[in-house]
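As a plain string of letters, each chain reads:
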Amino acid sequence: MENMAKLPINIVGDKILRQKAKKVTTTDDSTVEFIKDMFDTLHASDGVGLAANQVGSRDAILIADLSHVEGYEETDPIVVINPKIIKSEGNSTYEEGCLSLPGIKLEITRPEKVLLRYQDTDLNTHEENFSGLFARVIQHEIDHLNGKLIIDYLEEEALKNLEPELQKLKAREIEVPYSVSVHEAF
Ligand code: NI
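Position of His140 among the secondary structure elements: in helix H2 (residues 132–145). A polar atom in the side chain of His140 sits 2.8 Å from the side chain of Glu96. Residues in contact with His140, not counting those within four places in the same chain, are Glu96, Gly97, Cys98, Arg110 and Ile150.

Counting residues in hydrophobic clusters, the biggest one holds 19 residues, and the most contacted among them are Leu66, Ile78, Leu116, Phe130, Phe134 and Ile138. Of all the secondary-structure elements, those providing two or more residues to this core are strand S2 (61–64), strand S3 (78–89), strand S6 (113–119) and H2. If sequence neighbours within four positions are ignored, Leu66 has contacts with Val48, Tyr72, Thr75, Leu133, Phe134 and Val137. Formed by 17 residues, the second largest nonpolar core is a distinct cluster that contains Ile35, Ala52, Val176 and Tyr178.

Further remarks concern the pattern of salt bridges. For the structure shown, the criterion picks out 7 salt bridges. Salt-bridge contacts for Arg172 lead to Asp14; the nearest nitrogen and oxygen are separated by 3.1 Å. Remark: Asp14 occurs in the segment before helix H1 (29–44) and Arg172 occurs in the segment after helix H3 (156–170); sequence separation between them is 158 residues. The residues Arg172 and Asp14 share a single accessibility class, namely buried. For the salt bridge of Glu127 with Arg117, the shortest nitrogen-to-oxygen distance reads 2.7 Å. Remark: Arg117 occurs in strand S6 and Glu127 occurs in strand S7 (residues 125–131); sequence separation between them is 10 residues. Here Glu127 falls in the partly exposed class, since its relative accessible area comes to 46%.

This next bit is on the coordination of the nickel ion. Looking at the nickel ion, the protein donor atoms are Cys98 (SG), His140 (NE2) and His144 (NE2), and they sit 2.1 to 2.2 Å from it. Positions of the donor residues of the nickel ion along the chain correspond to the pattern C-x41-H-x3-H. Here His140 and its partner His144 are both found in helix H2, 4 residues apart, which amounts to about one turn of the helix. A single burial state applies to His140 and to His144, both of which are buried.

Most peptide bonds take the trans configuration, and most residues that are not glycine carry a negative phi. Within the chain, Asn82 stands out as a residue other than glycine whose phi angle is a positive 50°. You will see that Leu123, though not glycine, has its phi angle at about 65°, which is positive. Summarising the element assignment, Leu123 is placed in the loop between S6 and S7.

Turning our attention to the layout of surface pockets. Taken as a whole, the largest pocket holds about 540 Å³ of empty space. In terms of lining, the largest pocket is formed by 25 residues, of which the most central are Val48, Glu96, Gly97, Cys98 and Lys105. Within the residue set of the lining of the largest pocket, elements represented by two or more residues are strand S4 (92–96) and H2. Among the elements that take part in the lining of the largest pocket, H2 stands out by supplying 6 residues, more than any other. Within the lining of the largest pocket, the residues separate by chemical class into 11 nonpolar, 8 polar and 6 charged. As for the second largest pocket, its lining consists of Lys20, Ala21, Lys22, Lys23, Ala60, Asn82, Pro83, Ile142, Leu145 and Asn146. Every element with two or more residues in the lining of the second largest pocket is listed here: S3 and H2.

Rules used in this analysis
Residues numbered from 1 in each chain as written. Predicted model: local features only at pLDDT ≥ 70, side-chain atom pairs only at ≥ 80, totals over all residues. Heavy atoms only, no water. Helix = DSSP H or I, 4+ residues; strand = E, 2+ residues; numbered from the N terminus. Polar contact = N/O pair within 3.5 Å; in protein donor to acceptor, adjacent residues only side chain to side chain. Contact = heavy atoms within 4.5 Å. Core = buried A, V, L, I, M, F, W, Y, C linked by side-chain atoms within 4.5 Å. Buried < 20%, exposed > 50% of the residue type's maximum accessible area, 1.4 Å probe, protein only. Salt bridge = Lys/Arg side-chain N within 4 Å of Asp/Glu carboxyl O. Donors = N, O, S within 2.8 Å, 3.2 Å for Na, K, Ca; no water. 1 Å grid on protein atoms, 1.4 Å probe; cavity = no way out; pocket = protein on both sides within 12 Å on 5 of 7 lines; lining within 4 Å. Points joined across faces, edges and corners; volume = space filled by probe spheres on them. Nonpolar A, V, L, I, M, F, W, Y, C, P; charged D, E, K, R; others polar.

What follows is the structure in structure tokens.
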């Protein structure tokens, strides 16, 4: 096995999840190394996407890897820096989970297709269309970079019902099959 560097994942209650990411203006070897660690963390936690602030960085970076999902085996993992949705189309509703909200699944409605402008690790700009689950994951991770979580889509009543579970997560009174950040005072 080569060096695996799994990073602890921030979960609900951690301030950084509510902070907006900063635009990445330079990249170097440490950026590439950090992204590699993000992939190690994602694979170890069985996730499909990860945003940098979920693992302690304010940089506007997200990754997605759907190659272990049925129907998406042929897709390549993607690194997205400084994402911006240029166009979106349609609507679909699907149950989403989040590594920062272990155990919680919510039906979320999002545009079905997006045209994404983003930069790669050399800061070259690309525009690419995404649809289906790939579009959904990218939008979910962009929400993270904007300090937004899936619970923010809930109506007041539904959020209130979820509050006891959220309090448990915030206090780390939960079993999570991957490494999470230490409990912050809140
Ligand atoms: Ni998430």
